[in-house]
Amino acid sequence: QFADGLSEPSIGMWLLIGGNIFNIVFNYFLIYGACGFPELGLLGAGISTLAARVLMAVAFICIVLQLKRFRTSVESFRASRTQSAGIRSIFKISLPISLQSGMETGSFTFSCVMVGWIGAAQLASYQVMVTVGMLGFMFYYGIGAATAIKVAGYAGLGDVGNLRRSAFASHIILLFM
């Protein structure tokens, strides 16, 4: 989201693609014990996922610290002082979306557990349904995120005309919904 906010969404996309490829390959190695790795089953999947997430975070930090286009942001971050009023303000703004995201994730996770109680075939069908639904959701989520970034940028610049055009263009989300 940091890179997205600076109009660099491709960085996050490539990191996620690379991390998922890493995770898939090492899932195979660690779940089934291929290529000399130990056969760890479900534990291997967890280790692979953790390693992929850590690798993506480290890669992102390296990218931000190395690319010139992030230099101003890095220098501003280093020069800033943490102020409790600022933290409280950010926490107050982010709490509702954090709670909503947590409840949404929790409901999907618990639904998955409940479907698993019914049977393996039903669980597989549920996973397919959720994946297809998520693909549709990602279209309008991406448009919403892009709109938020553009609107915030134009608001920061005081460019009311482009701010209104960007906000109005987001109505395309209704077509996806």
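Residues numbered from 1 in each chain as written. Predicted model: local features only at pLDDT ≥ 70, side-chain atom pairs only at ≥ 80, totals over all residues. Heavy atoms only, no water.

Before going further, it helps to spend a moment on the nonpolar core. What tends to happen in soluble globular proteins is that the nonpolar side chains get buried as a cluster. If you look at the biggest cluster of nonpolar residues, it comprises six residues: A3, I11, L15, V64, F70 and V74. Each residue touching F70, except ones within four places of it in the same chain, is listed here: F2, A3, L6, E8, I11, I63 and V64. (Core = buried A, V, L, I, M, F, W, Y, C linked by side-chain atoms within 4.5 Å. Buried < 20%, exposed > 50% of the residue type's maximum accessible area, 1.4 Å probe, protein only. Contact = heavy atoms within 4.5 Å.)

A few words on the packing of aromatic side chains. The full count for this structure, using the stated rule, is seven aromatic pairs. Ring geometry for Y28 versus F29: centroids 6.2 Å apart, planes at 55°, classification tilted. By relative accessible area, which is 16% here, F29 ends up buried. Ring plane angle 10° and centroid distance 5.1 Å describe the contact between F29 and F37, whose orientation is recorded as stacked. Ring pairing ties together the aromatic residues F22, F26, Y28, F29, Y32 and F37, which thus form one cluster. (Phe/Tyr/Trp six-rings, centres within 6.5 Å; stacked < 30°, edge-to-face > 60°.)

Our next topic: the side chain of N23. Note that N23 resides in helix α2 (residues 9–32). We classify N23 as buried; its relative accessible area is 9%. Setting aside chain neighbours within four positions, we find N23 in contact with A45, S48, T49, A52 and R53. (Helix = DSSP H or I, 4+ residues; strand = E, 2+ residues; numbered from the N terminus.)

Unlike most non-glycine residues, C35 shows phi in positive territory, near 55°. As for its placement among the helices and strands, C35 is situated in the loop between α2 and α3 (42–66). Overall, the relative accessible area of 63% leaves C35 in the exposed class.

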